[in-house]
Amino acid sequence: MSMIKRLILLITITFVSVGIDQGTKLFAAENLPKYEMTSYLADTLRIGYVENTGAFLGLGSDLPDNVRFWIFVFAVGVILLALLIYIIRTNTQTAYALGSLSLIFSGGISNFYDRAMNNGAVIDFLNIGVGSLRTGIFNVADMAIMLGVFLLLFAKEKQDTPPKGA
């Protein structure tokens, strides 16, 4: 895949993903009550505004502010930069793998933007589950990251599977 096509795919996925994520976060910030979840669909879906100062499922939210900065802003920023360089410079990826990596990058950059603009916190507002079996509270960027990881694992599995008749 040419450099131009790779950049177009990366930019398209990033703009769409970040746009949807930031739009839904803006809606949540302006319209949902803070730290109060409302239940829908027989309590399968809960929606409410939460500011998450930690990582996935709030991990690390009780760390000191300076440690959270170095981990969630500096280290994540370095990782996102490395991922961006890898995406741009590696031309052996399939379009499928490139799309997967672009989803991971776009979710990461959108949450990174949140932290930079919201005193180190990410806006989360969705929770799904049945009974006591529930996800943590998450956002659209988290869904992009998880989808990208899932697709990347699937793309790797597809590449590792020998063709039929071989």
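Scroll up for the structure.
Keep in mind that this is a model prediction, so the values were computed, not measured. (Residues numbered from 1 in each chain as written. Predicted model: local features only at pLDDT ≥ 70, side-chain atom pairs only at ≥ 80, totals over all residues. Heavy atoms only, no water.)

## Section: the sheet that holds strand E3 (residues 122-130)
Inference 1: Strands sit in the order E1-E2-E3-E4 across an open sheet of 4 strands; the sheet is antiparallel. In the strand order of this sheet, the two ends are held by strand E1 (38-40) and strand E4 (133-134), each with one partner.
Inference 2: Pairing analysis gives 3 bridges linking E1 to strand E2 (residues 45-52), with the strands arranged antiparallel. Residue pairing across strands places Thr 38 opposite Ile 47, the latter belonging to E2.
Inference 3: Together, E2 and E3 form the strand contacts of helix H1 (residues 3-31), whose direction differs from that of E3 by roughly 90°. (Pairing = 2+ DSSP bridges. Helix = DSSP H or I, 4+ residues; strand = E, 2+ residues; numbered from the N terminus. Contact = heavy atoms within 4.5 Å. Axes fitted to C-alpha atoms, helices over the stretch in contact; angles between N-to-C directions.)

## Structural notes on the packing of aromatic side chains
Inference 1: Here the structure, examined in full by the defined rule, presents 3 aromatic pairs.
Inference 2: For the pair Trp 70 and Phe 74, a centre-to-centre distance of 5.0 Å together with 65° between the ring planes defines the contact as edge-to-face. Here Trp 70 and its partner Phe 74 are both found in helix H2 (residues 65-89), 4 residues apart, which amounts to about one turn of the helix.
Inference 3: Arranged with centres 6.1 Å apart and planes meeting at 55°, the rings of Tyr 96 and Phe 154 form a pair that is tilted. Taken together, the residues span a long stretch of sequence, with Tyr 96 in helix H3 (residues 95-117) and Phe 154 in helix H4 (residues 140-160) at a distance of 58 residues. (Phe/Tyr/Trp six-rings, centres within 6.5 Å; stacked < 30°, edge-to-face > 60°.)

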